[in-house]
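Residue strings, one per chain:
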2 protein chains.
Amino acid sequence: MSTEPTKIILSEDEMPRQWYNIQADLPTPMPPPVGLDGTPIGPDALAQVFPMNLIEQEVSTERWIDIPDEVLGILKLWRPSPLYRARRLEAALGTPAKIYYKNEGVSPAGSHKPNTAVAQAWYNREFGIKYLTTETGAGQWGSALAMSCKLIGIECKVFMVRISFDQKPFRKIMMKTWGAECYPSPSMETAIGRKMLEEDPDTPGSLAIAISEAIEQAVERDDTRYALGSVLNHVMLHQTIIGLEARKQFEKIGRYPDIVIGCAGGGSNFAGISFPFICDKIHGKEVKVIATEPEACPTLTRGPYVYDSGDVAKMTPLLPMHSLGHRFIPPAIHAGGLRYHGMAPLVSHVKRIGLIEATALPQTECYEAALLFAHTEGFIPAPETSHAIAQTIREAKQAKEEGKEKVILMNWSGHGLMDLQGYDAYMSGKISDYALPEEMLQRSLASLEGHPEPPGL
Amino acid sequence: MSTEPTKIILSEDEMPRQWYNIQADLPTPMPPPVGLDGTPIGPDALAQVFPMNLIEQEVSTERWIDIPDEVLGILKLWRPSPLYRARRLEAALGTPAKIYYKNEGVSPAGSHKPNTAVAQAWYNREFGIKYLTTETGAGQWGSALAMSCKLIGIECKVFMVRISFDQKPFRKIMMKTWGAECYPSPSMETAIGRKMLEEDPDTPGSLAIAISEAIEQAVERDDTRYALGSVLNHVMLHQTIIGLEARKQFEKIGRYPDIVIGCAGGGSNFAGISFPFICDKIHGKEVKVIATEPEACPTLTRGPYVYDSGDVAKMTPLLPMHSLGHRFIPPAIHAGGLRYHGMAPLVSHVKRIGLIEATALPQTECYEAALLFAHTEGFIPAPETSHAIAQTIREAKQAKEEGKEKVILMNWSGHGLMDLQGYDAYMSGKISDYALPEEMLQRSLASLEGHPEPPGL
């Protein structure tokens with residue numbers, strides 16, 4: 001028997017006490033957010049939406065930012081998360097590759113999302129905020145924020161993309177169990193929701209619509225702010241605890257990954273696992289970093305790098321990012337968390353400057369990969385996570401062909417226990433693939449007309 | 001800040017390599033299983049139902065039994081499980097008690113059940129068995145066995161109590177995801193199932209009926225055996241890894257529990273957490289051990305100690321145990337795993353000889369306790385687990401009244417992410433309490449007529 005354990009564990013004392021801010025290390029700076037006229041947006045313009053302490057983090061270029069003690073204390077309810085060696089998966093693939101996965105499914109909400117939810121709830125409460133509004137796709141983020149608000153002691157209201165609201169009935173009970181209110185989006189609660197329902201009463205909804213609804217309610221009240229589960233710089237920052245832990249865990253076993261893989265919807269779990277390794281790469285280390293998205297929502301692989309709005313009603317500033325257009329409504333794939341038209345500016349930027357690669361995978365390949373994972377490693381992955389697994393399997397097969405002992409690290413962003421209908425549909429042969437037609441993409445990109453262009457490199 | 005961590009962790013090297021068999025330490029021996037005529041049943045009589053290697057464990061009085069390497073390897077996918085200090089719950093209660101919980105929800109199936117499922121699948125495969133049949137209540141056991149059979153490489157067929165089959169649709173997808181077949185019980189697949197459906201087409205089913213169906217199918221084929229998720233001695237044995245780990249974890253922090261609490265349905269998670277501590281108690285240590293059951297199915301608190309059958313069709317031998325009668329059909333409470341008419345003979349025996357106490361709690365108190373737990377510690381407990389939490393809260397309040405710094409250990413047997421409908425019903429005011437009427441109990445106990453009586457102490 002090998003002496004390397006199945007799970008590489010850190011003690012609570014070994015937990016990172018600071019988040020890593022990649023903005024300090026970018027070889028070329030990221031363009032600023034701008035208004036519709038192309039003028040850079042200052043922190044004050046965001047003050048109605050976010051508390052000032054988080055806005056400061058959003059624009060900070062400090063390399064290390066302290067994790068508050070109370071936040072750290074709550075994160076210890078499930079962190080540090082284990083780094084697994086997937087030996088049984090390796091054996092099933094007959095690959096010489098060594099596959100490691102960081103299990104973020106161990107949190108009470110079942111995904112990586114609470115890493116930033118707890119922090120955001122804490123900074124809002126410190127700033128005197130009593131209510132947080134938010135949107136959620138698959139429900140991973142909404143339930144993470146519901147839990148975090150309860151643990152921190154403020155109120156939470158969630159707008160959930162309608163297709164997921166219907167597909168995942170248990171997610172709303174979960175949010176209610178943690179004391180939050182949850183509405184299907186578009187809803188009759190907001191002006192933008194009513195407008196979208198008028199245009200198309202049968203719309204499956206989108207994250208962009210739900211964001212508009214949540215922001216609309218946040219700006220109406222002084223004691224209310226909005227929380228976003230991905231995309232923004234401070235969200236990427238809070239998620240770096242994943243990669244920082246993983247890096248320490250690899251140190252413990254005297255290894256370093258050749259390949260780092262994360263699925264990418266808004267970009268947060270991908271940034272979380274990869275940014276600390278990209279930091280090493282910037283400083284000369286050799287490591288291949290891959291963001292994996294669904295063919296049905298190919299933001300990084302087919303969306304241009306543009307200035308676009310984060311939401312459908314253009315309530316957010318224009319962000320420099322890969323985007324399919326803010327009016328893009330993705331097909332109703334089961335990986336609800338990957339159904340976002342844009343991509344975190346920081347993730348888009350590191351893609352643009354060549355620090356990462358991106359791939360787009362069909363849904364059926366991902367479910368097949370998820371089943372193989374469940375049959376070998378036991379844990380049932382979330383549909384989002386299955387994209388990282390499928391890419392990992394591709395790389396492991398490649399390593400087998402090349403006869404190379406590659407070390408692969410993937411972020412296992414969450415479990416699929418709340419997403420079992422998708423598995424049922426797949427096993428019943430009811431899931432087909434959906435590659436975005438070029439014509440649909442062009443129609444959606446038309447919504448970018450009139451936006452300023454990001455500066456060249 | 002305290003130096004004691006939130007989670008007390010063992011390394012994989014520190015995992016117990018042997019199970020603890022309490023039969024070696026019982027101050028008075030347990031009566032044997034008997035036939036309807038009162039004659040003790042020998043191992044051979046069970047050979048059609050279980051493989052001989054497990055039957056040997058069932059009757060063994062060896063104190064320590066080696067855990068096979070392959071079983072240990074699979075258990076390491078989630079074990080050792082963390083021992084948590086529930087500081088936030090303590091604070092909410094304002095108690096001087098120190099509350100610890102052993103989190104068995106970290107397994108891929110979400111409960112303690114895989115501890116024995118993996119072992120049983122392994123012993124069956126070693127014996128040449130290709131198919132396992134079983135019953136399941138809430139679905140915790142069925143999904144644990146489905147996963148374990150897949151990991152070990154044999155087939156699995158599950159009869160699921162109809163009320164749970166309907167209440168918990170995701171559990172059957174989970175079993176299917178791990179490759180098992182799942183039928184609602186009573187089903188048309190077996191003679192006893194067809195008979196029960198004829199008597200009452202609307203029956204919610206019971207574990208006793210589902211067991212009969214699974215055994216009926218197991219005895220029909222040479223390459224098929226039956227697996228039981230609780231009640232039997234070898235199941236209690238496999239679960240002792242919980243308490244053995246917990247005892248080591250307490251050693252690490254230099255404490256020992258004053259009170260050990262587990263919920264009890266068939267008895268396996270209770271035995272798992274408590275038997276190693278009862279061993280200490282037999283050898284002079286002072287520790288209070290409490291088994292907690294629902295008022296709606298008060299086996300230990302109101303069922304007499306008798307010889308009764310484990311299933312409704314009397315296919316099992318008569319076991320010496322506390323029982324409400326094998327024809328007892330418990331009300332449809334949400335804690336499906338606690339809806340069993342009998343209680344493990346070993347748990348019944350340690351109750352009878354005064355080594356443990358038992359309490360019966362109303363469902364609403366348990367849901368209230370579960371919500372307080374989720375609001376303070378984050379994790380949402382299974383309805384079964386909520387009984388252990390409610391009893392823990394009673395003890396912590398008692399400690400507060402007495403001003404005593406009691407150390408309380410509870411087994412957090414599983415998470416409730418697959419049981420959220422019960423939470424929804426509770427939060428919507430749709431759950432009421434149900435104390436078993438004396439008249440109903442007497443009617444059910446009539447099914448014991450003609451059974452021999454267990455010998456006196």
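Here's a quick rundown of the structure.

Reading the values: rules and limits
- Residues numbered from 1 in each chain as written.
- Chains lettered and ligands numbered in written order.
- Predicted model: local features only at pLDDT ≥ 70, side-chain atom pairs only at ≥ 80, totals over all residues.
- Heavy atoms only, no water.
- Least-squares fit on C-alpha atoms with pLDDT ≥ 70 in both.
- Salt bridge = Lys/Arg side-chain N within 4 Å of Asp/Glu carboxyl O.
- Helix = DSSP H or I, 4+ residues; strand = E, 2+ residues; numbered from the N terminus.
- Buried < 20%, exposed > 50% of the residue type's maximum accessible area, 1.4 Å probe, protein only.
- Pairing = 2+ DSSP bridges.
- Right-handed = clockwise from strand over helix to strand, strands pointing away.
- Expected span 1.5 Å × (residues − 1).
- Bend = angle between axes of the 7 residues up to and from the residue.
- Contact = heavy atoms within 4.5 Å.
- Axes fitted to C-alpha atoms, helices over the stretch in contact; angles between N-to-C directions.

Let's talk about the relation of the copies chain A and chain B
Reasoning step 1: Expressed as a screw operation, the relation of chain A to chain B combines 0.0 Å of axial shift with a rotation of 180°, fitting to an RMSD of 0.0 Å. Taken together, these values place the two copies in the relation of a two-fold axis.

Some words on the pattern of salt bridges
Close approach of charged atoms allows side chains of opposite charge to pair.
Reasoning step 1: Inspection of every chain in the model, using the stated rule, returns 49 salt bridges over all chains.
Reasoning step 2: Among the ionic pairs, K7 of chain B bridges to E12 of chain A, the shortest N-O distance being 2.9 Å. Separated into two different chains, K7 of chain B in strand 1 (residues 7-8) and E12 of chain A in the loop between strand 1 (7-8) and strand 2 (18-20) make up a pair that spans both. Judged on exposure class, the residue K7 of chain B and its partner E12 of chain A are both buried.
Reasoning step 3: The partner of R17 of chain A in a salt bridge is D69 of chain A, with the nearest N and O atoms 3.3 Å apart. On the criterion of sequence distance, the pair formed by R17 of chain A in the loop between strand 1 and strand 2 and D69 of chain A in helix 2 (residues 69-75) is long-range, its members being 52 residues apart.
Reasoning step 4: You can call R17 of chain A partly exposed: its relative accessible area is 45%.
Reasoning step 5: Among the residues examined, D69 of chain A registers a relative accessible area of 48% and is labelled partly exposed.

Notes on the pairing of strand 5 (residues 98-103) of chain A
Residues and elements named next belong to chain A.
Reasoning step 1: Burial analysis of strand 5 places 6 of its 6 residues in the buried class, the great majority of the element.
Reasoning step 2: Where burial is concerned, the two faces of strand 5 agree: the one with K98, Y100 and K102 and the one with I99, Y101 and N103 are both buried.
Reasoning step 3: The sheet contact formed by strand 4 (residues 83-85) and strand 5 spans 3 bridges and is antiparallel. Following the sheet pairing, R85 is matched in strand 5 by Y100.

Some points on the pairing of strand 7 (residues 155-161) of chain A
Look at any regular strand and the pattern is simple: side chains alternate between the two faces of the sheet.
Residues and elements named next belong to chain A.
Reasoning step 1: Summarising burial for strand 7: 6 of the 7 residues are buried, a large majority.
Reasoning step 2: Of the strand pairs in this sheet, strand 6 (residues 131-136) and strand 7 are connected by 6 bridges, and their pairing is parallel. Looking at the pairing, T133 lines up with K157 of strand 7.
Reasoning step 3: This β-α-β element, strand 6 to helix 5 (residues 140-152) to strand 7, shows right-handed connectivity.
Reasoning step 4: Alignment of strand 7 against strand 8 (residues 181-185), held across 5 bridges, turns out to be parallel. Its bridge partner being in strand 8, F159 is matched across the sheet by Y183.

Some thoughts on helix 10 (residues 233-252) of chain A
Residue and element names in this part refer to chain A.
Reasoning step 1: Over its 20 residues, helix 10 runs 29 Å from end to end, which matches the ideal 28 Å to within 8%, given 1.5 Å per residue.
Reasoning step 2: Most pronounced at Q239, the bend in helix 10 amounts to some 30°.
Reasoning step 3: Within helix 10, 17 of the 20 residues are buried, leaving the element largely enclosed by the surrounding structure.
Reasoning step 4: Phi for G254, located one or two positions after helix 10, is positive at around 65°.

Some words on the environment of P27 of chain B
All names here are of chain B.
Reasoning step 1: Position of P27 among the secondary structure elements: in the loop between strand 2 (18-20) and helix 1 (52-59).
Reasoning step 2: Sequence spacing of P27 and I353 is 326 residues, and the spatial spacing of their C-alpha atoms is 8.6 Å.
Reasoning step 3: Those residues in contact with P27 that lie beyond four places of it in its chain are I282, I353 and L355.

Looking at the sheet that holds strand 6 (residues 131-136) of chain B
Residues and elements named next belong to chain B.
Reasoning step 1: With parallel pairing, the 4 strands of this open sheet are ordered in space as 8-7-6-9. This sheet does not close on itself; its edge strands, each paired only once, are strand 8 (181-185) and strand 9 (224-226). For this sheet, the mean angle separating the axes of adjacent strands, direction not counted, is 20°.

Some points on helix 11 (residues 268-282) of chain A
Residue and element names in this part refer to chain A.
Reasoning step 1: Given a rise of 1.5 Å per residue, 15 residues ought to cover 21 Å, and the 20 Å separating the end C-alpha atoms of helix 11 matches this to within 8%.
Reasoning step 2: At S274, helix 11 shows its largest kink, close to 45°, and the proline P276 lies no more than four residues downstream.
Reasoning step 3: Looking one or two residues past helix 11, G284 carries a phi angle of roughly 110°, positive in sign.

Side note on the sheet that holds strand 11 (residues 288-294) of chain B
In any sheet, the strands associate via hydrogen bonds between backbone groups, in a parallel or an antiparallel arrangement.
Residue and element names in this part refer to chain B.
Reasoning step 1: With mixed pairing, 7 strands are arranged side by side in an open sheet as 1-4-5-15-10-11-14. Each edge of the sheet is formed by a strand with only one pairing partner; in this case those strands are strand 1 and strand 14 (357-361).
Reasoning step 2: As paired elements, strand 11 and strand 14 share 5 bridges and run parallel to each other. Along strand 14, the bridge assignment pairs P294 with L361.
Reasoning step 3: Taken strand by strand, helix 14 (residues 363-377) contacts strand 4 (83-85), strand 5 (98-103), strand 14 and strand 15 (407-412), and its axis lies near 95° from that of strand 14.

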